[in-house]
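Observations on chain architecture
Now for the letters of each chain:
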Amino acid sequence: MTTHLTRPLYTAKATATGGREGHAVSDDGILDVDLQPPKEMGGPGGATNPEQLFAAGFAACFQSALGVVGRRGGVDTSASTVEADVSIGPIPGGAYGLAVAIRVTIPGVDEATARSLTEAAHQVCPYSNATRGNIDVTLEVG
């Protein structure tokens with residue numbers, strides 16, 4: 001199912017050159033990073049990579065969604081942390097795919113409430129909505 005925006009609020013723009021062994025810059029110049037494959041993929045490491053950028057974006061977006069659903073439910077999630085692990089590997093047909101593990105910790109909130117908020121955030125988060133049905137995304141509550 002394709003999600004259609006009713007009204008774009010913001011459009012991020014970035015340009016990459018050189019692929020995984022190159023450079024990426026946003027149109028405003030705030031993001032300006034060298035890219036290198038990690039050692040685990042046969043690269044030199046020493047610079048960021050697309051999976052780290054995706055993990056950071058997913059974690060930040062998910063935590064914002066957690067704040068939204070927390071406010072709706074009257075639960076303070078301001079001390080929460082969200083970790084995102086993005087894995088890359090081969091998939092059938094000779095291509096590559098991603099998998100994501102999201103770990104949520106909400107201090108001072110019981111596990112059932114934390115799990116409920118995490119699942120609700122997964123329905124609100126744009127990254128979750130973009131990946132739903134396309135890749136494995138697992139949720140963990142700590």
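Below is a summary of the structure that appears in this document. Computed from a prediction, not measured in an experiment: that's the story for all the values here. (Residues numbered from 1 in each chain as written. Predicted model: local features only at pLDDT ≥ 70, side-chain atom pairs only at ≥ 80, totals over all residues. Heavy atoms only, no water.)

A count of helices and strands for the chain gives three helices and six strands. The order of α-helices and β-strands along the chain, N terminus first, is β-β-β-α-β-β-α-α-β. Principal axes of the C-alpha set define a box for the chain whose edges measure 45 × 30 × 30 Å. Sequence-distant contacts in the chain: of pairs separated by 6 or more residues, those separated by 24 or more amount to 45%. Summed over all atoms, the accessible surface of the chain reaches about 9,000 Å², with 54% contributed by carbon and sulfur. In the chain, 9 positive and 15 negative side-chain charges are present, and the distance between their average locations comes to 7 Å. (Helix = DSSP H or I, 4+ residues; strand = E, 2+ residues; numbered from the N terminus. Contact = heavy atoms within 4.5 Å. Areas by Shrake-Rupley, 256 points an atom, 1.4 Å probe, with all protein chains shown as cover. Lys, Arg positive; Asp, Glu negative; His and termini not counted. Charge placed at Lys NZ, Arg CZ, Asp CG, Glu CD.)

For the rest of this paragraph, the subject is the side chain of threonine 77. Within the secondary structure, threonine 77 is located in the loop between α1 (50-73) and β4 (81-91). When neighbours within four sequence positions are excluded, threonine 77 is seen to be in contact with Leu66, Gly67, Gly70, Ile106 and Leu117.

Turning our eyes to something else, we now look at the environment of arginine 103. Structurally, arginine 103 can be placed in strand β5 (residues 95-105). Classification of arginine 103 as partly exposed rests on a relative accessible area of 23%. For the pair arginine 103 and methionine 41, spaced 62 residues apart in sequence, the C-alpha separation works out to 24 Å. Within the local environment of arginine 103, its side chain forms a polar contact with the side chain of glutamate 83, the two groups lying 2.8 Å apart. A distance of 2.7 Å separates the side chain of arginine 103 from the side chain of aspartate 85, its partner in a polar contact. (Buried < 20%, exposed > 50% of the residue type's maximum accessible area, 1.4 Å probe, protein only. Polar contact = N/O pair within 3.5 Å; in protein donor to acceptor, adjacent residues only side chain to side chain.)

With that settled, consider the nonpolar core. With 21 residues, the main nonpolar core has Phe58, Phe62, Leu66, Val82, Ile102, Val104 and Ile106 as its most contacted residues. Elements represented by at least two residues in this core include exactly α1, β4, β5 and α2 (111-124). (Core = buried A, V, L, I, M, F, W, Y, C linked by side-chain atoms within 4.5 Å.)

Here α1 spans 34 Å end to end across 24 residues, near enough to the 34 Å set by a 1.5 Å rise per residue. Buried residues of α1: Glu51, Ala55, Gly57, Phe58, Ala59, Cys61, Phe62, Ala65, Leu66, Gly67, Val69 and Gly70, and no others. Where the residues of α1 are buried, they touch β4, β5, α2, α3 (126-131) and β6 (136-141). Sitting at the amino-terminal end of α1 is asparagine 49, which places a side-chain oxygen 3.0 Å from the backbone nitrogen of glutamate 51. With its phi angle positive at about 70°, glycine 74 sits one or two positions after the end of α1. (Expected span 1.5 Å × (residues − 1).)

Fair warning: the whole summary comes from geometry, so function is off the table for now.
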